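In case you want the letters, here they are:
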Amino acid sequence: MEGQLFTVFFLIFTGAAVLASVALYTRQPLLVAYIAIGIALGPFGFSIIDDVSAVTEMAEIGIVFLLFLLGLDMQPKSLLAVLRSATSIALVSSALFAVLGFCLGLAFGFNVTEAAVIAMATMFSSTIIGIKLLPTTVLHHKHTGELMVALLLLQDFIAIFCLLVLISGEGGSLQLQSLAIAVVALPLLIGLAWLAVKFALLKLVARFDRFHEYIFLLAIGWCLGLAELAEHVYLSAEIGAFIAGISLATSPISQYIALNLKPLRDFFLVLFFFSLGARLNIDLLPSILVPALVYAVAVLTLKPCVFFGLLKQQGEKPALAWDIGFRLGQISEFSLLIVFVAAGSGLIGDKASLLIQAAAILSFVISSYIVIFNFPNPIAVSDKLRRD
């Protein structure tokens with residue numbers, strides 16, 4: 001097993017490095033290279049890597065670290081203020097996107113249950129795409145970054161509710177107890193994080209700050225520990241990691257931790273995009289290619305317009321409204337999790353599952369192209385747009 005895992009890592013990262021080099025020479029986004037290597041090496045491509053379940057599980061850690069690092073650079077007071085203003089936008093936009101997904105599902109000939117799952121999958125935007133392609137200075141120090149993070153966090157809360165509904169689908173009734181636990185647990189988790197940081201973590205950091213390896217381990221342990229606790233109380237690991245990060249945001253050690261964990265985050269994000277490509281069943285793709293294209297184009301067209309209208313109505317400048325709209329104009333990685341839960345519960349068939357996966361990947365790729373070639377971002381191929 002050890003030898004197999006080493007070979008898998010060799011194939012993923014060597015292949016990604018080769019394709020990334022080609023992508024840079026041809027002025028393409030690096031994310032496309034990571035997805036392409038997944039399709040090529042995965043079980044539905046050349047089948048060089050038959051089982052990607054272990055890689056997929058590890059890849060989820062990348063999203064956890066992404067949210068932890070995001071929290072480290074967010075000031076709690078400013079985030080709380082922007083959350084209040086973003087709540088109505090998140091709720092209204094999610095409802096409109098759900099209607100879009102439901103109508104498309106029925107138009108494609110799926111039954112009501114499958115259309116409902118497609119509606120859920122359409123509601124959310126990608127945390128990874130949105131944050132990865134936002135310049136660091138904008139993300140951490142400007143209103144645009146705060147507003148985007150607030151919208152994505154609120155979408156995460158809605159996604160948790162959707163997942164609880166789907167999990168309850170096997171039993172036939174909504175698990176109100178689980179939902180109640182999640183609602184009560186959120187403020188308790190925030191309070192616990194604040195107390196733990198104030199009375200334990202900061203004292204440990206002050207006492208042993210000379211031992212850099214210890215600070216590194218303490219940060220990872222705190223991030224993963226709170227992420228695991230959040231999952232046990234029916235919240236998500238991502239929300240737990242964000243709370244872990246924001247609880248340390250006001251400490252003097254936060255920037256040191258953020259700087260040292262970024263390479264670890266990028267390592268797992270490569271695995272995430274690889275697993276995304278590897279799980280795409282290209283054998284069934286011809287049967288749903290046209291609906292997937294229509295679905296992806298509808299999302300890529302309407303989401304920016306909806307966000308633009310709602311943000312402008314709330315008094316945001318048109319340039320900022322379009323910027324955020326296009327950055328959030330795709331399907332989410334949370335949507336893929338919804339698909340896997342629904343498929344595992346027998347609520348949707350293979351075609352509906354593949355439709356959402358294919359449309360999600362198409363929206364990831366096309367949205368990345370739109371942002372990389374038109375808006376400031378850290379991985380732009382043009383020096384004029386490259387910001388970090």
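For clarity, every value in this text was computed on a predicted model and none was experimentally measured.

A word on the overall build of the protein chain
Helix and strand counts for the protein chain stand at 16 helices and 0 strands. Taking 2.2 N^0.38 as the reference for a compact globule, 388 residues should give roughly 21 Å; the C-alpha atoms of the protein chain span a radius of gyration of 20 Å, in line with that estimate. The C-alpha extent of the protein chain, read off along each of the three principal axes, is 60 × 50 × 45 Å. Here the protein chain holds 388 residues, and the buried ones make up 53% of them. Residue pairs at least 24 apart in sequence account for 79% of intrachain contacts in the protein chain once pairs closer than 6 positions are excluded.

Examining the packing of helix α2 (residues 30-41) against helix α12 (residues 254-278)
Between α2 and α12, the shortest axis-to-axis distance is 6 Å and the interhelical angle comes to 50°. Between α2 and α12, the interaxial angle falls into the category oblique. Crossing geometry of α2 relative to α12 is assigned as right-handed. Seen from α2, the contacting residues are Leu31, Tyr34, Ile35, Ile37, Gly38, Ile39 and Leu41; seen from α12, they are Val270, Phe273, Phe274, Leu276, Gly277 and Ala278. Tallied by class, residues from the contact of α2 with α12 come to 11 nonpolar, 2 polar and no charged.

What about the layout of surface pockets?
Taken as a whole, the largest pocket encloses approximately 850 Å³ of empty space. Taken together, 33 residues line the largest pocket, and the ones lying closest to its centre are Glu60, Glu231, Ala237, Glu238 and Leu337. Counting residues per element, the lining of the largest pocket draws most heavily on helix α3 (residues 53-72), at 8 residues. Here the lining of the largest pocket is built from residues that sort into 20 nonpolar, 5 polar and 8 charged.

Rules used in this analysis
Residues numbered from 1 in each chain as written. Predicted model: local features only at pLDDT ≥ 70, side-chain atom pairs only at ≥ 80, totals over all residues. Heavy atoms only, no water. Helix = DSSP H or I, 4+ residues; strand = E, 2+ residues; numbered from the N terminus. Rg over C-alpha atoms; globule rule 2.2 N^0.38 Å. Buried < 20%, exposed > 50% of the residue type's maximum accessible area, 1.4 Å probe, protein only. Contact = heavy atoms within 4.5 Å. Axes fitted to C-alpha atoms, helices over the stretch in contact; angles between N-to-C directions. Parallel < 35°, antiparallel > 145°, perpendicular 65-115°, else oblique. Left-handed = near helix turned anticlockwise from the far one by under 90°. Nonpolar A, V, L, I, M, F, W, Y, C, P; charged D, E, K, R; others polar. 1 Å grid on protein atoms, 1.4 Å probe; cavity = no way out; pocket = protein on both sides within 12 Å on 5 of 7 lines; lining within 4 Å. Points joined across faces, edges and corners; volume = space filled by probe spheres on them.

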